[in-house]
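For reference, the chains in residue letters:
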Amino acid sequence: MFSAFSSIDHHAIRARTPGEAAIKRLDGIGHVLSNLDLVSIRTQDDLTRMLLTLDTADKCIRVIRAEFRTQVANDRLARKSEDLMALIEHVRDELTGCCTVKS
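So, how was this worked out
- Residues numbered from 1 in each chain as written.
- Predicted model: local features only at pLDDT ≥ 70, side-chain atom pairs only at ≥ 80, totals over all residues.
- Heavy atoms only, no water.
- Salt bridge = Lys/Arg side-chain N within 4 Å of Asp/Glu carboxyl O.
- Helix = DSSP H or I, 4+ residues; strand = E, 2+ residues; numbered from the N terminus.
- Buried < 20%, exposed > 50% of the residue type's maximum accessible area, 1.4 Å probe, protein only.

## With respect to the pattern of salt bridges
Per the counting criterion, the structure on display carries six salt bridges. Across the pair Lys-80 and Asp-27 runs a salt bridge whose closest N-O atoms are separated by 2.8 Å. One end of the pair, Lys-80, is in helix H3 (residues 75-97); the other, Asp-27, is in helix H1 (residues 18-34), with 53 residues separating them in the sequence. The pair formed by Lys-80 and Asp-27 is uniform in burial state, with each residue classed as buried. Salt-bridge contacts for Asp-58 lead to Arg-62; the nearest nitrogen and oxygen are separated by 2.8 Å. Separated by four residues within a single helix, Asp-58 and Arg-62 lie in helix H2 (residues 44-67), roughly one turn from each other. Taking the relative accessible area as the measure of exposure, Asp-58 reaches 12% and is therefore buried. With relative accessibility at 47%, the residue Arg-62 sits in the partly exposed group. A single salt-bridge network, built from bridges that share partners, covers Asp-55, Glu-89 and Arg-92.

Structure representation (structure tokens):
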């Protein structure tokens, strides 16, 4: 689900501006999220860890966005952060609404 955000080689891109650095951080968050295995959730502890990971990613994205609150954020930064947050919310809804786990 998050795989669209993991297609960039993060080490090959050198940030020249604060906006590019923020994009790189968002790409990193997308990369981490793309490695989550939703199918492997079997227990309540697994579900709790997954939700904690999603919440942490969401908070990190909000911090990155907050850095640009007083500046005109570029469209790419705004779009990428909004897309990631929407995907996080979608996955969270799937996990809490449709996922039954064995205790």
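## Things to note about the environment of Glu-89
Checked against the element boundaries, Glu-89 lands in helix H3. Residue class for Glu-89 comes out partly exposed when judged on its relative accessible area of 36%. Separated by 31 residues in sequence, Glu-89 and Asp-58 have C-alpha atoms that sit 8.8 Å apart.

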